[in-house]
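Working through the structure, step by step
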Amino acid sequence: MTSDDDLFRALYREHTPALYALGLRLTGRDQHEAEDLVQETWVRATRQMSTFRGESSLRTWLCGVLVNVRRERVRSAWRMVDAPDIEPPSPPRDDAAFDLERAIAALPNGARDIFVLHDVYGYAHHEIAEMLGVVEGTSKSQLARARTLLRRALSPPSGEVRP
Amino acid sequence: MNELPDDLKRALAELPLELQPDPTLEDRVVRAVRGLRGLRGRGWRGRWIWLGVAAAAVAAALLVIAHPWSPAPPSTGQTYVLLLSPGPDYLAPPPGHMDERRAEYGRWADSLARLGKLDLEGRLEPPGAIVDGLFIIRAANDADAARIAASCPHTKYRGRIELRRFIE
């Protein structure tokens, strides 16, 4: 193994779990698509690494690359037709976390992307707008929509009391 | 604004931000990146060395910027040993610049000490081909230790760093 392999693999191992978690949530927990996103992110990052100026952390930059890759893939019409199988998520820590992950996965694509980036990963609206190529107002309205849908999905039906 | 209830906010904050993919993905990604047209040979080497250096520089800058002046309390976590050796690609300092190189490593060690992350630093005499310097550090976990190792100037000079958890 060369030292270059060592270096790349060290970077891969440090940052891929974060990239994969983000990819998994953006794709509605589609493991195959999330792995493809991670692979394409590293390929794209290799090609574009001269654009990394160190103004953000390497992880933030890589996450931005992944979001861009995701955006381009969603725009491909064939992918919208060829809906992937949804596989069960990684073993949940408890039922509440499992319900929450499922509810996030069930959000509509656009609203889910913005909800995940804002409420799970803490990006600001202006950063999301730049990443996704939308205006800030769209980011805010989609977030509100996602929150409403999520609350509704996690609320017990009227008359039913959850244990 | 359409705010979330507190219990939902707490549940979101507890979601794991890192998940491990299938272990076979690593080899797939490495093959894909190495197979890029125009990235074979020196191109492949140069690009990732550059990124490694950039990442190390950013990590080092963050270490310094995060706590520039005030000494931090001793960090909790685990003890790790960084074993530095030249390795086959090591870029030795030009003649007469050894002190400058040592000072650079010293500044890095000082930045760790300010964060309460350095327990011991030292060189082994005479310098050997296997190991010729070591740092004993405190880190929160393996990933934190790896980040500290990546920030060491030794990576910039393509030296080898072996990171080992120290069992007390």
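Residues numbered from 1 in each chain as written. Chains lettered and ligands numbered in written order. Predicted model: local features only at pLDDT ≥ 70, side-chain atom pairs only at ≥ 80, totals over all residues. Heavy atoms only, no water.

1. A word on the overall build of chain A
If you tally the helices and strands in chain A, you get eight helices and zero strands. From first element to last, N terminus to C terminus, chain A shows the α and β order α-α-α-α-α-α-α-α. When each of the 163 residues of chain A is scored for burial, the buried share is 47%. Counting only contacts in chain A whose residues sit at least 6 apart along the sequence, the fraction spanning at least 24 positions is 66%. (Helix = DSSP H or I, 4+ residues; strand = E, 2+ residues; numbered from the N terminus. Buried < 20%, exposed > 50% of the residue type's maximum accessible area, 1.4 Å probe, protein only. Contact = heavy atoms within 4.5 Å.)

2. Some remarks on the pairing of strand S3 (residues 133-139) of chain B
All names here are of chain B. With seven of seven residues buried, S3 lies mostly within the body of the structure. Because side chains alternate across S3, one face comprises the buried residues Gly133, Phe135, Ile137 and Ala139, and the other comprises Leu134, Ile136 and Arg138, equally buried. With seven bridges connecting them, strand S1 (residues 78-85) and S3 associate as antiparallel partners. Note that in S3 the partner of Tyr80 across the bridge is Ile137. (Pairing = 2+ DSSP bridges.)

3. Quick word on the packing of helix H6 (residues 109-120) of chain A against helix H8 (residues 136-154) of chain A
All names here are of chain A. Direction vectors running N to C along H6 and H8 enclose 95°, while the axes themselves pass 8 Å from each other. Regarding the angle of H6 to H8, the classification is roughly perpendicular. Every residue of H8 that contacts H6 at Gly110, Ala111, Ile114, Phe115, His118 and Asp119 is listed here: Thr138, Ser139, Gln142, Leu143, Arg145, Ala146, Arg147 and Leu150. Tallied by class, residues from the contact of H6 with H8 come to six nonpolar, five polar and three charged. (Axes fitted to C-alpha atoms, helices over the stretch in contact; angles between N-to-C directions. Parallel < 35°, antiparallel > 145°, perpendicular 65-115°, else oblique. Nonpolar A, V, L, I, M, F, W, Y, C, P; charged D, E, K, R; others polar.)

4. Comments concerning the confidence of the model for chain A
Caution is warranted with low-pLDDT regions, since their predicted coordinates should not be read in detail. Residues and elements named next belong to chain A. Mean pLDDT over chain A: 79, with 75% of residues reaching 70 or higher. Highest mean pLDDT in chain A belongs to H6 (91); lowest belongs to helix H4 (residues 77-81) (38). Of the regions scoring below 50 in pLDDT, residues 77-93 engages in 20 contacts with residues more than four places distant in sequence or in other chains. Segment residues 159-163 is flagged for pLDDT under 50; beyond a separation of four residues in sequence, or across chains, it makes three contacts in the model. (pLDDT = per-residue confidence, 0-100.)

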